[in-house]
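Residue-level listing of the chains:
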Amino acid sequence: MKVIVIIPAAGLGTRMAPMPSAMDAKTKKPHPSKQFTDLAGTPILIHTLRKFAAVDAVSEIWIALRENEIKGFRERLRTDVKDVLNKKVEVVVGGEHRQQSVQHALNAVSAAADDVVLVHDAVRPLVTAEIIHEVIDAARKYGAAIAGLPAVDTVKQVERTSEGAIIKATIPRAAVVLAQTPQGFRYDVIKKAFDEAAADGFMGTDEASLAERSGHEVAVVMGSPRNIKITTPADMDLAEFYLKK
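Remember, it's a predicted structure, so these values are computed and weren't measured experimentally. (Residues numbered from 1 in each chain as written. Predicted model: local features only at pLDDT ≥ 70, side-chain atom pairs only at ≥ 80, totals over all residues. Heavy atoms only, no water.)

## Comments concerning the pattern of salt bridges
Turning to step 1, where the next piece is worked out: According to the stated counting rule, one finds 12 salt bridges in the structure shown.
Turning to step 2, where the next piece is worked out: Salt-bridge contacts for aspartate 121 lead to arginine 124; the nearest nitrogen and oxygen are separated by 2.9 Å. Here aspartate 121 matches arginine 124 in class, with each residue buried.
Turning to step 3, where the next piece is worked out: Note that glutamate 159 and lysine 168 form a salt bridge whose closest N and O atoms lie 3.9 Å from each other. (Salt bridge = Lys/Arg side-chain N within 4 Å of Asp/Glu carboxyl O. Buried < 20%, exposed > 50% of the residue type's maximum accessible area, 1.4 Å probe, protein only.)

## Considerations on the packing of helix α3 (residues 98–108) against helix α5 (residues 187–200)
Turning to step 1, where the next piece is worked out: α5 packs onto α3 with a crossing angle of 125° between their chain directions and a minimal axis gap of 11 Å. On the basis of their axis angle, the class for α3 and α5 is oblique. Crossing geometry of α3 relative to α5 is assigned as left-handed. When α3 is examined against α5, the residues Gln99, Val102, Gln103, Leu106 and Asn107 are found in contact with a partner set consisting of Tyr187, Ile190, Lys191, Phe194, Asp195, Ala197 and Ala198.
Turning to step 2, where the next piece is worked out: In terms of residue class, the contact of α3 with α5 is built from 7 nonpolar, 3 polar and 2 charged. (Axes fitted to C-alpha atoms, helices over the stretch in contact; angles between N-to-C directions. Helix = DSSP H or I, 4+ residues; strand = E, 2+ residues; numbered from the N terminus. Parallel < 35°, antiparallel > 145°, perpendicular 65-115°, else oblique. Left-handed = near helix turned anticlockwise from the far one by under 90°. Contact = heavy atoms within 4.5 Å. Nonpolar A, V, L, I, M, F, W, Y, C, P; charged D, E, K, R; others polar.)

## So, the environment of histidine 47
Turning to step 1, where the next piece is worked out: Locating histidine 47 in the fold gives a position in helix α1 (residues 44–53).
Turning to step 2, where the next piece is worked out: We classify histidine 47 as buried; its relative accessible area is 16%.
Turning to step 3, where the next piece is worked out: For the pair histidine 47 and valine 127, spaced 80 residues apart in the sequence, the C-alpha separation amounts to 9.7 Å.
Turning to step 4, where the next piece is worked out: Excluding anything up to four places from it in sequence, histidine 47 contacts Leu39, Thr42, Pro125 and Leu243.

Written as structure tokens, this is what we have:
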């Protein structure tokens, strides 16, 4: 039984300013996309890769990138990030959406039905080995599992209006978790879920949502408040702080 990691990294990261297509005034080159933005001097994606490369249970890492970024990424792996190559690292062309990127990788991997597939956000570089191991173990036991955090704030269900939003209900916090990654699945579970979604033209919010739609229960293991997804410039400051501790 092997563990395969898929990292969808073909997104533009439009909530990080400036837009990746914008030109840097100093270098006269396009700003890097979010996953290639330097965090403490190293691209976020490389931080993420190193976390999984350091886990003995992981056999392969598949990264979905935009086609024009693949050549430069491969060169960097060979020259500057050789420590990641202690694992089999493969690159596929990503899709327009995250789900399509993961689908491309799933179509490329060779796996047995009971192999475990982990999907992890490229810009969630502070994941711990403990969380990775717990998701792997839970995916083996239950067939599908995610890392998640109990809700701390009061959660409100709202109805959107032209002038804002109106609260319709208060959702008990005990019934809510905030989903993180990695999300782990037996290969047969995730492949079936993705194939069904593709056939029906369904786009989910995460991999677990596809497994749920396919009729499979998804277990939750404890995530971490530090396992943040870098989405805005403020998240970069927080990630830098955590890296120094």
